[in-house]
Amino acid sequence: MKRKCSLLLAILFCLTLLPFSSLPAQGAGETEKTLDFQNQRTVTENYFVMENGDLYHGNSRAYEGQLTEGSNTYTGQCQFEKVEGISNVIHVAESLNQTLAVTEDGSLYTWGKNHNGQLGLGDTVDRDTPQKVEGLPPVISADISETHGIAVTEDGSVYVWGSVYMGDDAKWNPIWKKYTSPHKVEGVPAGLQVSTGGGNFTLVTQNGDLYTWGVGQNGYAEGLPQYSPVPTKILSNVKMAVSRKWSSYAITNNGTLYGWGENWDSSLGLSGGKVWEPTRIMTHVSRVSMDWYKSAIAITESGELYMWGFYGDRAYENHEMDEWSFSIPEKVDCGDTAVADVVAQGTDTLILTQDGGLYLWNIGPVYDVGWDLKQVTTGVMVPEQLQREPNPPEEPGNRPLDQKGIFDAEYFVDPAGDLYSFGDGSEKQVTTPGKVAYCDDDLIITRDGSLYLWEGKWVKKEGLPPVLKADRWKENGIAITMNGVYVWGNVYTGDDANWNPIIEKWDTPQNINWSAADVACGPGVFALVTADGKLYTWGMGPMGETGYGEGNPKNSAEPRWILSDVLTVQCDEYTCQALTEDGDLYVWGGNFEHRSLGMDDFYVMEPTRLMRNVQQAELDRFSGAALTQDGQLYLWGYYQGKDNDPQEEQYRLPEPTLVDTGDLRFTELAYGGTRSALLATDGTLWQWNIDGVTKDQLGKQSLTKVAEEIRMLGAACGSMDNFVQERTYQQGQFSDVDENAWYGANQQGAIQGAYELGLMDGMGDGTFAPGEYLSCSEAIKMASVVRSIYTDDGVDLTGGEPWDAPYRAYSILEGIIPFERKSEFYWRCSRSQMAYLFARALPEEELEPVEGAILPPDVSDDQTYAKEIRLLYQAGILQGSDAEGNFHPGDWITRAEATAILNRLCQKDARIGA
């Protein structure tokens, strides 16, 4: 059967012929929608809905059975026709020869080919005009395919019709049942949104679970049957799903886009072949559209466009097809255009803007994707943006704890912030410029966020805002700061006219205007991991260190995305590795004869999985090591690290090999080749010295205990006795403080107490602003001051630019705010955020329960920061804000209220019930 004409082709032929005045003007006859439709679509390949609910069809080259009569040959005639017999349309969907529309009262209409009963009209007769599907309650989501349709109604019921897969016979032949009218699907939870592709169905339930069934890309694990007559759950926290014939997508409440199915030409925006299970592609997505098999486009929550897959013409597939494809999502420069929806069709794409303009975007088989739009019409209905509550944030501890920076192969930081060396086998304190929060390979970060490099002595790296994480390779360095990512050293910036690389020497760190969760660098390559887990590399990779793949350029002056779902990255002289959230370890670069990557290939040109179930891995020049999630140690490569050693075979492990460490299990590794350090699950630190140890002698006998306890992330060593009066409060020193109010000196004295303890200051203009809401910056400062006084670390956090940057850095380096949650604490501070910060400012042992303490009745187990709120209640620091003891976690808190809580936090005898 030939496919019907596409509206996109009609537009191409008619842009110069069509009298736009024949369409209704923008805003004409506007109607108010009353139905809460899920995943509304108002533009398809051949149809668009105007703001007044009229449906239009581009009928050029129309085939018999599609609205108008005509031949199969283009005649040069072209116009858009209003679809008669239907009005007040709010949603339209179509397949090859079938169309479906829903009106604002929830009525469902279908038309087109009907040989399988896929129109749901009670027969198998084709229809040229829209016909209402009877017997359904108001519809809130619907879709149609070549062979069947699906809808969900306002009461959550799910209906299917057409040819439906029912299982297999004794010879494994599929059994199909034909429903010419809607058939209710039993045994599934209440539905919210549906979609269908080739032979399968997808259903998003009202609680956000995604179910799939039928024949096609159902997202079941590799090795399992891929056909199922029974709806099966494959994903949670989903707000919408979209299916095509060969692949499917789902978008979670948090905006994370998942894909599965066929991945021809990277049509899913992922590397590799077929994707069996839902796999994360990108984040912050609001809508996605795909063509029939080769490409897709996503709209982000901020209105940006990303595209991937093969967008060229199949006629060019033997002529440098890679020039017209993107293997991973690539951002499109849309200028100032605010995009509301897209209909992806390879070279021809429809763009619907947020002001109702409909445009053709013809990208063709070109080298660069340009933004050249041709207007089709105005006044098109803009679909409602689907909003769902985001998934609750993960509580600290749900993700692997990143303790990198608490020790390396030769140093460790004790609970007081002092640095100790154990490189020569003995423990001795090292003089540093201040209390240390982070150490790694000849660099330290002090608690005020200053970065120092070892150059025969500790030398501060100037020109940096407060630093949170850093890495260096000799002259090269990269750092995550409170103001973005900074880079210095020998930086590749492109090629000259003769293709010779241009290397610039950046002595002063330069902001590259990125943010990151982890960073690394080598002799010529830089790498960063974004907060959503994307790994980017740039620089020079002669041995494949940039990871761009065989046949691609090895150098790039701009960061390029090479891997997703990444937690950490590390670079060494020739090698790189990345660890994903699922515990997969990927490696790439120069493997050489040393097998430094634990593989057979001499070069590994792109990220390639080496191990699974890994919790941490590190590389050295010629070797690597990893800890599995159950704490076992693996080693590979030439771990002696000596060039041209005739004894090399005795010290080379060609693939990851388990090291027998007896009953010792580990949670953290600092690998340095022959000398390494390991943190055991019981908190003890061990040195692993294998210099001269042959591979048949590797084992527990090479381990020596260094320390019983080192500084753990978020640990604090100090005393409550440090909270003493530092200054004197004078009544009237703040002009807006009523000393007879509850917080005044003549009543509770909350402001006086917090001021005298040095915990809180005024506004700098002679006022205190007791009734103003507390900001997150102020709360972070208070928590940082509490920690600094408790530990007596003498850190000066004043004079920052902006003023709160040192306090924010200190709170992150001290573990008060987990690194991955730092973006949650801006603007005003809620009562729950305040409780979280204050509870983590002191060790949990300083928050022991008091007699008769109550728990807040309005804080449940799934409430964000519930643990910290309850800790403060049980310790007599919080008592609620009404007679029932309710906490009202989402309310704002005033500065005066914060002083009362601070006083009870830092003075145990002031706690309720003490």
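Only a predicted model underlies this, so the values are computations on that prediction, with no experimental measurement involved.

1. So, the overall build of the chain
The helix and strand tally for the chain stands at seven helices and 54 strands. Residue burial in the chain is summarised as follows: out of 914 residues, 59% are buried. For the chain, the proportion of contacts with a sequence separation of at least 24, taken over those separated by at least 6, is 55%. For the chain, the accessible area works out to roughly 37,500 Å², and carbon and sulfur atoms hold 45% of it.

2. Regarding the sheet that holds strand S51 (residues 666–670)
Taken in spatial order, the four strands line up as S51-S52-S53-S54 in an open sheet, and their pairing is antiparallel. Edge positions in the sheet fall to S51 and strand S54 (703–707), since each has one partner strand and no second. In this sheet, neighbouring strand axes are inclined to one another by 30 degrees on average, regardless of whether the strands run parallel or antiparallel. As paired elements, S51 and strand S52 (residues 675–680) share four bridges and run antiparallel to each other. If you follow Leu669 over to S52, its bridge partner there is Leu678.

3. Looking at the pairing of strand S31 (residues 436–439)
Successive side chains on a regular strand alternate, one facing one side of the sheet and the next facing the other. As paired elements, S31 and strand S32 (residues 443–446) share three bridges and run antiparallel to each other. Following the sheet pairing, Val436 is matched in S32 by Thr446. Where S31 folds back onto S32 in an antiparallel hairpin, the turn is made up of three residues, including Asp441, whose phi is positive at roughly 50 degrees.

4. Some words on the sheet that holds strand S39 (residues 518–521)
Strand order in the open sheet made by the four strands is S39-S40-S41-S42, with antiparallel pairing throughout. Either end of the sheet is taken by a strand with one partner, and the two such strands are S39 and strand S42 (556–563). In this sheet, adjacent strand axes meet at a mean angle of 20 degrees when their direction is disregarded. With four bridges joining them, S39 and strand S40 (residues 525–529) adopt antiparallel strand pairing. Opposite Asp518, over in S40, you have Val529 as the bridge partner.

5. Some remarks on the pattern of salt bridges
Proximity of charged atoms lets side chains of opposite charge pair with each other. If you walk through the whole model with that rule in mind, you get 34 salt bridges. Notably, a salt bridge pairs Arg280 with Asp565, separated by 2.4 Å at the nearest N-O pair. Taken together, the residues Arg280 in strand S19 (residues 275–282) and Asp565 in the loop between S42 and strand S43 (566–571) connect sequence positions 285 residues apart. Considered together, Arg280 and Asp565 belong to a single accessibility category, that of buried residues. By sharing partners, the salt bridges in this structure join Arg447, Arg787, Asp793 and Glu814 into a single network.

6. Here we look at the packing of aromatic side chains
Ring pairs (aromatic) are described by centroid distance and by the angle formed between their planes. Within this structure, the stated rule accounts for 28 aromatic pairs. Between Tyr165 and Tyr227, the ring centres sit 5.7 Å apart and the planes meet at 75 degrees, which makes this aromatic pair edge-to-face. Here Tyr227 lies in the loop between strand S14 (210–215) and strand S15 (228–235) and Tyr165 lies in strand S10 (residues 158–168), a separation of 62 residues in the sequence. We classify Tyr227 as partly exposed; its relative accessible area is 42%. Between the aromatic rings of Phe592 and Phe602, the centroid separation amounts to 5.5 Å while the plane-to-plane angle is 70 degrees, which identifies the pairing as edge-to-face. Of this pair, Phe592 sits in the loop between strand S45 (585–590) and strand S46 (603–611) while Phe602 sits in the loop between S45 and S46, placing them 10 residues apart in sequence. We classify Phe602 as partly exposed; its relative accessible area is 41%.

7. Examining unusual backbone geometry
Leave glycine aside and you will find that most residues have negative phi; peptide bonds, for their part, are mostly trans. The omega torsion across Glu801 and Pro802 is 0 degrees, close enough to zero to call that bond cis. Assignment of secondary structure puts Pro802 in the loop between helix H3 (776–791) and helix H4 (805–813). Although it is not a glycine, Asn39 adopts a positive phi angle of roughly 60 degrees. Positionally, Asn39 belongs in the loop between helix H1 (7–14) and strand S1 (47–49). Asn39 sits in the buried class, given a relative accessible area of 9%. Backbone geometry places Asp442, a non-glycine residue, at a positive phi of 65 degrees.

8. Some words on the nonpolar core
Formed by 184 residues in total, the largest nonpolar core has its most connected members in Leu257, Trp308, Leu535, Leu585 and Leu905. Looking at which element gives the most residues to this core, the answer is H3, with nine residues. The residues contacting Leu585, other than those within four sequence positions of it, are Gln577, Ala578, Leu579, Thr608, Arg609, Leu610, Met611, Val614, Ala617, Ala626 and Trp636. Listed in part, the 22 residues of the second largest apolar core include Phe622, Ala625, Ala680 and Val693.

9. Remarks on the environment of Lys781
Structurally, Lys781 can be placed in helix H3. Separated by 30 residues in the primary sequence, Lys781 and Ser811 place their C-alpha atoms 8.3 Å from one another. Filtering out sequence-adjacent residues up to four positions away, Lys781 remains in contact with Asp761, Trp803 and Tyr807.

10. So, the confidence of the model for the chain
Reading predicted coordinates in detail is not appropriate for stretches of low pLDDT. Per-residue pLDDT for the chain has a mean of 84; in total, 88% of the residues score no lower than 70. Segment residues 59–78 is flagged for pLDDT under 50; beyond a separation of four residues in sequence, or across chains, it makes 46 contacts in the model.

11. Observations concerning helix H7 (residues 895–906)
The terminal C-alpha atoms of H7 lie 17 Å apart, and with 12 residues this matches the ideal 16 Å at 1.5 Å per residue to within 8%. Judged by how many residues are buried, H7 sits mostly within the fold: 11 of 12 residues are covered. Buried within H7 are the following residues: Arg895, Ala896, Ala898, Thr899, Ala900, Ile901, Leu902, Asn903, Arg904, Leu905 and Cys906. Tucked inside the fold, the buried residues of H7 contact helix H2 (750–756), H3, helix H5 (831–841) and helix H6 (866–874).

12. Here's the deal with the packing of H3 against H7
Contact geometry of H3 with H7 gives a least axis separation of 12 Å together with a crossing angle of 15 degrees. If you check the angle between H3 and H7, you find them roughly parallel. Crossing hand, H3 versus H7: right-handed. Mapping the contact onto sequence places Glu778, Met782 and Val786 in H3 and Arg895, Ala898, Leu902, Leu905 and Cys906 in H7. Among the residues making up the contact of H3 with H7, the classes are represented as six nonpolar, no polar and two charged.

13. Quick look at the state of the cysteines
With the rule as written, the count across this model stands at zero disulfides. In this structure Cys576 is a free cysteine whose sulfur lies 3.4 Å from that of Cys571, the closest cysteine sulfur available.

14. As for H6
For H6, the full list of buried residues reads Ala866, Glu868, Ile869, Leu871, Leu872 and Tyr873. Here the buried face of H6 lies against H5 and H7. Residue Gly876 follows H6 closely and has a positive phi angle near 75 degrees.

15. Remarks on the packing of H5 against H6
Between H5 and H6, the least distance of the axes is 8 Å, while the angle of their chain directions is 70 degrees. The angle between H5 and H6 falls in the class roughly perpendicular. Between H5 and H6 the crossing geometry is left-handed. Here Ser832, Ala835, Tyr836, Phe838, Ala839 and Arg840 of H5 come into contact with H6, specifically with Glu868, Ile869 and Leu872. Class assignment for the residues of the contact of H5 with H6 results in six nonpolar, one polar and two charged.

16. Comments concerning the side chain of Gln40
Structurally, Gln40 can be placed in the loop between H1 and S1. Classification of Gln40 by relative accessible area gives buried; the value is 1%. A distance of 2.7 Å separates the side chain of Gln40 from the backbone oxygen of Ile90, its partner in a polar contact.

17. A few points about the pairing of strand S13 (residues 199–205)
For S13, a buried count of seven out of seven residues is recorded, marking the element as mostly surrounded by other parts of the structure. The pairing of strand S12 (residues 191–196) with S13 spans five bridges and is classified as antiparallel. By the bridge assignment, Gly191 is partnered in S13 with Thr205. Hairpin connection of S12 to S13: two residues between the antiparallel strands. Where S13 lies against S14, six bridges are found, and the strand directions are antiparallel. For Gly199, the partnering residue across the bridge sits in S14 and is Val215.

Calculation criteria
Residues numbered from 1 in each chain as written. Predicted model: local features only at pLDDT ≥ 70, side-chain atom pairs only at ≥ 80, totals over all residues. Heavy atoms only, no water. Helix = DSSP H or I, 4+ residues; strand = E, 2+ residues; numbered from the N terminus. Buried < 20%, exposed > 50% of the residue type's maximum accessible area, 1.4 Å probe, protein only. Contact = heavy atoms within 4.5 Å. Areas by Shrake-Rupley, 256 points an atom, 1.4 Å probe, with all protein chains shown as cover. Pairing = 2+ DSSP bridges. Axes fitted to C-alpha atoms, helices over the stretch in contact; angles between N-to-C directions. Salt bridge = Lys/Arg side-chain N within 4 Å of Asp/Glu carboxyl O. Phe/Tyr/Trp six-rings, centres within 6.5 Å; stacked < 30°, edge-to-face > 60°. Core = buried A, V, L, I, M, F, W, Y, C linked by side-chain atoms within 4.5 Å. pLDDT = per-residue confidence, 0-100. Expected span 1.5 Å × (residues − 1). Parallel < 35°, antiparallel > 145°, perpendicular 65-115°, else oblique. Left-handed = near helix turned anticlockwise from the far one by under 90°. Nonpolar A, V, L, I, M, F, W, Y, C, P; charged D, E, K, R; others polar. Disulfide = S-S within 2.5 Å. Polar contact = N/O pair within 3.5 Å; in protein donor to acceptor, adjacent residues only side chain to side chain.

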